[in-house]
Structure formats: structure tokens, C-alpha cells
Amino acid sequence: MNPQAKLIFALSLTLGTTLTISSNHWIMAWTGLEINTLAILPLISKSHHPRAIEAATKYFLVQAAASALVLFSSMTNAWHTGQWDITQLSHPTSCLILTVALAMKLGLVPFHFWFPEVLQGSSLIVGLLLSTLMKFPPITLLYLTSPSLKPSILMTMAILSAALGGWMGLNQTQTRKILAFSSISHLGWMAIIIAYSPKLALLNFYLYTLMTAAVFLSLNSIKALKLSTLMTTWTKTPSLNAILLLTLLSLAGLPPLTGFLPKWLIIQELTKQEVALAATIIALLSLLGLFFYLRLAYCATITLPPHTTNHMKQWYNTKPTYTMVAVLTTMSLMLLPISPIILAVV
């Protein structure tokens, strides 16, 4: 792709995201969402592979439907209350339609079907954008409207997302699909807490973005799209593979790694809000996710390839590991001890 075109799309993504997260008016937020959708479509379909074109088409249709619902929800609210302000969403029908629209945008169950397919048709870097940056504007809208939304609907969606995200990721062999189901599962954790503590949901999103970026960039630097490829990469970058094991365990939420912090705080907050049953269910469902992260980690670091190859094994990779990967993996592993400082800032 032309570098100038890439620059335009990157600037458009930045503009769309900034516009949505900084707006007070529904029309401006909707405009930002539309700019984002139109900017990411050429990046998804740039390889001209049939699967990439299919992914771009699916993404466009789902996002266009969700944006139409956002517009419909805000217009219904404005019709009944005379308010276009995002924080003044009070009409019950508008709240319900908006919940559905943002669930479609994010890929929450039962509107999750498009997400694994779109991620599978994209490259790893575009997959990273879809899993992190493109989720930021809808999460912000959820954050702003959280006092108006029904906790029972969000909790049902959250538990279903954690269950299906873990369950459907068990049998996958493609790393992008595994990370897509991982994303759905993590969104469940954000959705369950956003009605009770919106700041905690945002903290969870930031830490999830950090860890997912580390995993995607690590997989991109070793060019691993399937589990079978992952088994043969230990000869190229032994140190990166060893760190990838720990990053995946952090994404699973094991102590004493960074990923344990949001899960711990969410379970604590849910217990304070007297929904201990939901906290217990979602904590047990995270074990499903732990299984497929362990499977990825096992393939990356512990297994040898099933057959011996005749060609010379390439020991160290000629390209250096990027500084960004080093910084992100370090933060994905070591932020738990400074959690009091993080909580003070948030």
C-alpha cells in the first residue's frame, strides 16, 4: 500500500477516535464512529485476498447497522426529551437500542459472530487495531452512558461473552481466532463491571490493550498465524518465545502478573455490590480462557515440532526484536506491584 495512503488512513483513525471520545453531542460521536469504520476498511482489504475482501464486507455491514442503531437511539431520545447530550440518555427504549448497538460495535455475545471471521481475514497488525483501537470509542460511549443502562442486560451479555469466548476458543488452531475469542471473553469482564464502576472498566480496557498489543506484536515479529507455525519458532527467537509464555499467562489473569489486577479488582467490586454469584460464575468461566492460553503457551515454548526437518535450523533471527515489543511485554508482566499507584491515578 502507498505510504501516503497509509498515513491518511492512520490520521483518519486518530481523528475518528478523538472525535468520538471527546464529543458531548450524539451526532459528533456518530461521525467519529463512521470515520473510524471507513478508515479501517481499506486496511482490512489491502491484501486483495478473497478472505480479506469477505472480512471487510462483513465488518462494513455490521458496523453500518450498529451506527444506524446509535443514530436511531439518539434520535428517539432527542424526540422524547429534547436532549442531544450523550450523558442525558434517559428514555428506556433509547437505552435498550444503544446497548444493542454498542454490543454490536464491540462484538459482545450475542452479536459476536462477525469478530473472529473479520480478525481471521486481516493481518496481525490490522487485527491488533480491530481488537484495541477500534474498541475504544464504543467503550467510551458505554462509559458515558453507563448510569442509564440496565445492569441486568449488561450482566447477562457479560456472562454469555465470558462463557462463549472461552468455550469457542478451546478448539481453534489459528492464533488470530484464538485472540478474537480472547477479546470477546475480556469484553465480558468490562461489560459486567461498567454499570457499577465505569472507571474500573476503563482500567481493565487499558490493561487488556497493553497485553493484547504485546501478544499481537510478538506473534507478528515471529510471523506465527497457526499453532503449528508457533511450534517451530522457538529456534528463531528463544527469548521472545519465553517472554510470550509469560505474556499469555498475564492475559489469562494469573498472579503475580499484570493481568491479575483488573480481575481481582472487578471480583472485589462485584462482591461489594452484592452480586457475588455473578462474580463467582465469571471467575470460573475465566478458567476456560486459561486453558487455551496455556495451549498457546505450550505450543510456543514447551513442544518440539512433530517431525524433524532436513534443513538447517535458523537459530537467532537476523532482525532485532522491536523496542515496542520489549516495553509492552515488560509492562504486561510487572505492573501488579505498583497497583496502588495505578489506582490512585485512575
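Small disclaimer: the values here were computed from a predicted structure and weren't measured.

Brief notes about the overall build of the protein
Then step 1. Along its length, the protein carries 16 helices and 0 strands.
Then step 2. Rg of the C-alpha trace for the protein: 20 Å, near the compact-globule value of 20 Å for 346 residues, within the 12% margin.
Then step 3. Principal-axis analysis of the C-alpha atoms places the extent of the protein at approximately 70 × 50 × 35 Å.
Then step 4. Expressed as a percentage of the 346 residues in the protein, the buried residues total 52%.

Structural notes on the environment of Ser45
Then step 1. As for its placement among the helices and strands, Ser45 is situated in helix α2 (residues 26–45).
Then step 2. Judged by its relative accessible area of 18%, Ser45 is buried.
Then step 3. Leave out the neighbours within four places in its chain, and Ser45 touches Ala52, Ile53 and Ala56.
Then step 4. Of the polar contacts made by the side chain of Ser45, one reaches the backbone oxygen of Leu41; its length is 3.1 Å.

A short note on unusual backbone geometry
Then step 1. Look at the link from Val109 to Pro110: it is a cis peptide, with omega at 10°.
Then step 2. Counting through the fold element by element, Pro110 comes out in the loop between α4 (92–106) and α5 (114–121).
Then step 3. The linkage connecting Pro255 with the following residue, Pro256, adopts the cis geometry, with an omega of 5°.
Then step 4. Despite not being glycine, His48 has its phi angle at roughly 60°, a positive value.
Then step 5. Counting through the fold element by element, His48 comes out in the loop between α2 and α3 (50–81).
Then step 6. In the Ramachandran plot, Lys223 falls in the positive-phi region, its phi being about 55° despite a non-glycine side chain.
Then step 7. With a relative accessible area of 52%, Lys223 lands in the exposed category.

Remarks on the UniProt feature "transmembrane region" (unreviewed entry) in the protein
Then step 1. Summarizing the sequence annotation, UniProt attributes the feature "transmembrane region" (unreviewed entry) to residues 96–115, 124–146, 152–171, 178–197, 203–222, 243–265, 277–300 and 321–345 in the numbering used throughout.
Then step 2. Between the first and last C-alpha atoms of residues 124–146 the distance is 32 Å; the span itself is 78% helix and 0% strand.
Then step 3. With 80% helix and 0% strand, the stretch residues 178–197 has end C-alpha atoms that lie 28 Å from each other.

A closer look at the environment of Ile302
Then step 1. Along the chain, the position of Ile302 falls in helix α14 (residues 276–302).
Then step 2. Overall, Ile302 belongs to the exposed group, its relative accessible area being 54%.
Then step 3. Distance from Ile302 to Ser146, taken between C-alpha atoms, is 44 Å for residues 156 residues apart in sequence.

Considering the environment of Ala242
Then step 1. Here Ala242 is to be found in helix α12 (residues 238–252).
Then step 2. Counting along the chain gives 59 residues from Ala242 to Thr301, while the straight-line C-alpha distance between them is 6.2 Å.

Quick word on the domain arrangement of the protein
Then step 1. As assigned here, the protein comprises domain 1 (1–123) and domain 2 (150–345).
Then step 2. For domain 1 versus domain 2, the separation of C-alpha centres amounts to 24 Å.
Then step 3. Residue-level contacts link 17 residues of domain 1 with 19 residues of domain 2.
Then step 4. With both sides pooled, the region where domain 1 packs onto domain 2 buries about 1,500 Å², and carbon together with sulfur makes up 76% of that total.
Then step 5. The largest per-residue losses of area from domain 1 upon contact with domain 2 belong to Leu108, Val109 and Gln120, which jointly make up 38% of the total buried on that side.

What to know about a nonpolar patch on the surface
Then step 1. Residues Leu38, Phe60 and Leu61 make up a contiguous nonpolar surface patch of roughly 310 Å² in combined accessible area.
Then step 2. As for its placement among the helices and strands, Phe60 is situated in helix α3.
Then step 3. Judged by its relative accessible area of 38%, Phe60 is partly exposed.

Some words on the packing of helix α10 (residues 198–221) against α12
Then step 1. At a closest axis distance of 10 Å, the pairing of α10 and α12 adopts a crossing angle of 150°. When the interaxial angle is binned, α10 and α12 end up roughly antiparallel. Pair α10 / α12 crosses with left-handed handedness. Note on element contacts: α12 touches α10 through Leu240, Leu244, Thr247, Leu248, Ser250 and Leu251, opposite Met211, Thr212, Ala214, Val215, Ser218, Leu219 and Ser221.
Then step 2. In the contact of α10 with α12, the residues fall into 8 nonpolar, 5 polar and no charged.

Cut-offs and rules
Residues numbered from 1 in each chain as written. Predicted model: local features only at pLDDT ≥ 70, side-chain atom pairs only at ≥ 80, totals over all residues. Heavy atoms only, no water. Helix = DSSP H or I, 4+ residues; strand = E, 2+ residues; numbered from the N terminus. Rg over C-alpha atoms; globule rule 2.2 N^0.38 Å. Buried < 20%, exposed > 50% of the residue type's maximum accessible area, 1.4 Å probe, protein only. Contact = heavy atoms within 4.5 Å. Polar contact = N/O pair within 3.5 Å; in protein donor to acceptor, adjacent residues only side chain to side chain. UniProt positions renumbered as here; feature names shortened; annotations may be inferred. Domains from an automatic or database assignment. Buried area = accessible area lost by both parts, 1.4 Å probe. Patch = residues over 30% accessible without salt bridge, like charges linked within 9 Å, V, L, I, M, F, W, Y side chains within 5 Å. Areas by Shrake-Rupley, 256 points an atom, 1.4 Å probe, with all protein chains shown as cover. Salt bridge = Lys/Arg side-chain N within 4 Å of Asp/Glu carboxyl O. Axes fitted to C-alpha atoms, helices over the stretch in contact; angles between N-to-C directions. Parallel < 35°, antiparallel > 145°, perpendicular 65-115°, else oblique. Left-handed = near helix turned anticlockwise from the far one by under 90°. Nonpolar A, V, L, I, M, F, W, Y, C, P; charged D, E, K, R; others polar.

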